Each structure stands twice: as C-alpha cells, then as structure tokens.
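# An overview of the molecular structure
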Amino acid sequence: MSIKRVAVVGATGAIGEPITKALLAAGFEVTAFTRSLSNNTFPPGVRVSPVDDYEDVVGLTEALKGQHALISTIAIGGAAYQKNLLDAAIAAGVTRFMPSEFGGDLQNAKVKTLPIFADKIAVEEYAAQKCKGTGTSYTFVYVNAFLDWGLVNHGLLLDLPGKKIQMVNRGETPFTANTVEFIAQGVLAILQNLDATANRPVRLNQAVVTQTQLLGLSKKYAGSEGWEVDTVSTATLEQKANQNLQENPANPAAYVLPYVKRTLYGVDCGGNFDGKDDNDVLGLRKMTDEELEQMIRGLVK
C-alpha cells in the first residue's frame, strides 16, 4: 500500500516542523494533531485536528481514521502516551507508525540503562508486540545528534551564538549527526520504502564528526576569540545526571541534557553509525566536508 495521508503529532517542533514541510512538498496530505486552545500556526495545506486527551484511545482512533501513517515527534516527557497512539493507529487501520525516537540508538545496551529513555524503550517493546498480526507496522528512526539545531540550541553540540562549548571526553569521539532537513528526508524515504523499513530500527547518518572538528569550523567563521570551553567526561555527565534526577526529578532541565550528551559522546553508546546505517536503503548520501563547512558558515550571524 502506498502512503498518501499522514498525521503528525508535534508538527511545530524542532523535528516536526521540517518533517511537516517536507511531507507537503512531496505531495502528501498532512494532518497536524494539536491542542484545541493552541496558538500554533501551520503551513498552508495542513489540516488541523484538535486532540486534547492522549489518554482517550477512542477519540484518538476517530482522529486517525483515514490516515495511512502516523508520525510522532512528541517530547520525551510525553513518550508514554504513544502507547495510546499506537492502539488507536491499529484500531483505525493506520499502515505505518513512527514513534518519537529521533535520538540515540535505543538498541544499544548502555543507552538502555539511562533512565530518561525508559518510556521510549517501553513504547518500542509495546510496538513490537502489539503490531503482530495487524495491518500496522512500525519504524524506529535513530539519528543520534541534531547537527544544525545542535549547534545553536541549548549547547547540545556547542553554543555557536554564545561562543561556548562543553567539550566531552576531550572532543575527540566521532559521532553521527544529522541536520533536521536530512532527518525529514529520511522520514520521507521510509514512507516510500515501506517493505524495507517495516518493523525495525532505521539509522540515518548524514555526517560523522567530532566536537573538536565542529569547534574548529565554528572558530573559523565566528572568530577564534572569546570562546568559553568547559571540559567534562561522560562518566561525570552520567554521575551528575543521576544525582540531579534523584534529588529533583521534577526538574528535567537538570538531568535530561546531561543524559543526552552521555548518549551522543559515549563510545559505549554506539553513537557512530558508520557501518550500520540505512542510507543506501533510503537512497540518502552523507554530506561532504565542504558541505559541512558551508552549513556551519551559514549558521554564523
């Protein structure tokens, strides 16, 4: 079956927005799930479906009727609700479900031990069981780091506007990173290659970089003066995240980012997708060093 109608949860987010735009540009019919009182705006052509209760499987099923695919980019704090989304997708006859993974490799044994990913892992396990014998299949999309977004937001890779970087393990660990546009194109390719991507993880791999490399290119175009460089080990990141989670679990700002960085930069977390990516299956190619440099130059303001 070909995919034509796609529902997106989180269509205005860091990943949801480029995915939505890419779907529209490729000719898909897109429906965005959003709160009825939301002030979010959407590109022309997006159908808006008010969804306020993600615990109401009956209501979610009604909202998903007629949809061929469901893509969730829901924030990590709402990951557990995706079990209800999957139940509704199966009941509504949705062909493909993509939960909100879009991060580190959750098949990795070390990543599985980090507590912030427990809900996402539970959703994966739930999907593997619930989709059996149904007309609904799933794809888990792993991207490791957001490349362009991660250079200018929250210091995920580095803070280009603020000229700051938290250098993890001396900045020499190679890791996979993908621009949000590449991730969107990967999602499109999955929808266009249903059989090859059914009921399994798919790993996108636009570039393998190091923090040292990114810092060098950033200094080249943003200037080498005035940089604030902090150094930390992945062991310290994990230790501090564990402590902050235990002391104040209601404050995710204190532990989510350290756990994410632990995933990105820890060699034992499998963040380098070279040799195990699905670029060839999806018809995607890695960026060249020149394209990487051009991208960073374009981010400097």
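Because the structure is predicted, anything quoted here is derived from the model rather than measured. (Residues numbered from 1 in each chain as written. Predicted model: local features only at pLDDT ≥ 70, side-chain atom pairs only at ≥ 80, totals over all residues. Heavy atoms only, no water.)

Attention now goes to the overall build of the chain. Each helix and strand in the chain was counted, giving 11 helices and 12 strands. Taking 2.2 N^0.38 as the reference for a compact globule, 301 residues should give roughly 19 Å; the C-alpha atoms of the chain span a radius of gyration of 19 Å, in line with that estimate. Every one of the 301 residues in the chain was classed for burial, and the buried ones make up 51%. Of all intrachain contacts in the chain linking residues separated by at least 6 positions in sequence, the fraction that spans at least 24 positions is 76%. When the 28 basic and 32 acidic side-chain charges of the chain are each reduced to a single mean position, those positions are 1 Å apart. (Helix = DSSP H or I, 4+ residues; strand = E, 2+ residues; numbered from the N terminus. Rg over C-alpha atoms; globule rule 2.2 N^0.38 Å. Buried < 20%, exposed > 50% of the residue type's maximum accessible area, 1.4 Å probe, protein only. Contact = heavy atoms within 4.5 Å. Lys, Arg positive; Asp, Glu negative; His and termini not counted. Charge placed at Lys NZ, Arg CZ, Asp CG, Glu CD.)

Scanning all chains against the criterion turns up four aromatic pairs. Ring centres 5.7 Å apart and planes at 80° place the aromatic pair Phe146 and Trp149 in the edge-to-face group. A relative accessible area of 14% places Phe146 in the buried class. With a relative accessible area of 25%, Trp149 lands in the partly exposed category. Seen from their ring centres, Tyr255 and Tyr259 are 6.5 Å apart, and the 70° between their planes marks the pair as edge-to-face. Each member of the pair, Tyr255 as well as Tyr259, is classed as buried. (Phe/Tyr/Trp six-rings, centres within 6.5 Å; stacked < 30°, edge-to-face > 60°.)

Glancing now at the sheet that holds strand β6 (residues 137–142). Read across the sheet, seven strands follow the order β3-β2-β1-β4-β5-β6-β10 without closing on themselves; strand pairing throughout is parallel. In the strand order of this sheet, the two ends are held by β3 (47–50) and β10 (200–203), each with one partner. Between one strand axis and the next, the sheet turns through 25° on average, direction left out of account. Looking at chain direction, strand β1 (residues 5–9) and strand β2 (residues 29–34) are connected through five bridges and run parallel. Within β2, the position partnered with Val6 by the bridge is Val30. (Pairing = 2+ DSSP bridges. Axes fitted to C-alpha atoms, helices over the stretch in contact; angles between N-to-C directions.)

Axis separation between helix α7 (residues 211–222) and helix α11 (residues 289–299) bottoms out at 9 Å; the angle between their running directions is 55°. One way to sum up the angle between α7 and α11 is to call them oblique. For the pair α7 and α11, the crossing hand works out as right-handed. Together, Gln213, Leu214, Leu217, Ser218, Lys220 and Tyr221 of α7 and Asp289, Leu292, Glu293, Ile296 and Arg297 of α11 make up the contact between the two elements. Partitioned by chemical class, the residues of the contact of α7 with α11 number five nonpolar, two polar and four charged. (Parallel < 35°, antiparallel > 145°, perpendicular 65-115°, else oblique. Left-handed = near helix turned anticlockwise from the far one by under 90°. Nonpolar A, V, L, I, M, F, W, Y, C, P; charged D, E, K, R; others polar.)

The subject of this paragraph is the nonpolar core. Core analysis: the biggest nonpolar cluster contains 60 residues, and Leu23, Leu157 and Leu214 have the highest contact counts within it. Among the elements that line this core, the one with the most residues is helix α6 (residues 180–191), at nine residues. The residues contacting Leu23, other than those within four sequence positions of it, are Val6, Val8, Phe28, Val30, Ile71, Leu188 and Leu191. Formed by 33 residues, the second largest nonpolar core is a distinct cluster that contains Phe33, Leu85, Ala92 and Val111. (Core = buried A, V, L, I, M, F, W, Y, C linked by side-chain atoms within 4.5 Å.)

Now for α11. All of the buried residues along α11 are Leu292, Met295 and Ile296. Down the axis, α11 shows its buried residues gathered within 95° of arc, on one side only. More than 90 degrees from the buried face of α11, the exposed residues found are Glu290, Gln294, Arg297 and Gly298. Buried residues belonging to α11 abut α5 (147–152), β11 (207–209) and α7. (Arc of directions from axis to C-beta.)

Backbone-to-backbone hydrogen bonds join strands into a sheet, with any given pair of strands oriented parallel or antiparallel. One open sheet holds the three strands; their spatial order is β7-β9-β11, and the pairing between them is mixed. Edge positions in the sheet fall to β7 (145–146) and β11, since each has one partner strand and no second. Bridge count between β7 and strand β9 (residues 175–178): two bridges; the pairing is parallel. Residue pairing for β9: Phe146 is matched across the bridge by Asn178.

Once that is clear, we can look at the environment of Ala80. Note on placement: Ala80 falls in the loop between β4 (69–72) and α3 (82–92). On the basis of relative accessibility, which here comes to 39%, the residue Ala80 falls in the partly exposed class. In this structure the C-alpha to C-alpha distance between Ala80 and Pro249, which are 169 residues apart in sequence, comes to 17 Å.

On to the environment of Leu85. Among the structural elements, Leu85 can be located in helix α3. On a C-alpha basis, the gap between Leu85 and Val30 in space is 17 Å, while along the polypeptide they are 55 residues apart. In this structure, Leu85 is in contact with Val9, Tyr54, Leu60, Leu64, Leu70, Ser72 and Phe97, ignoring residues within four places of it in sequence.

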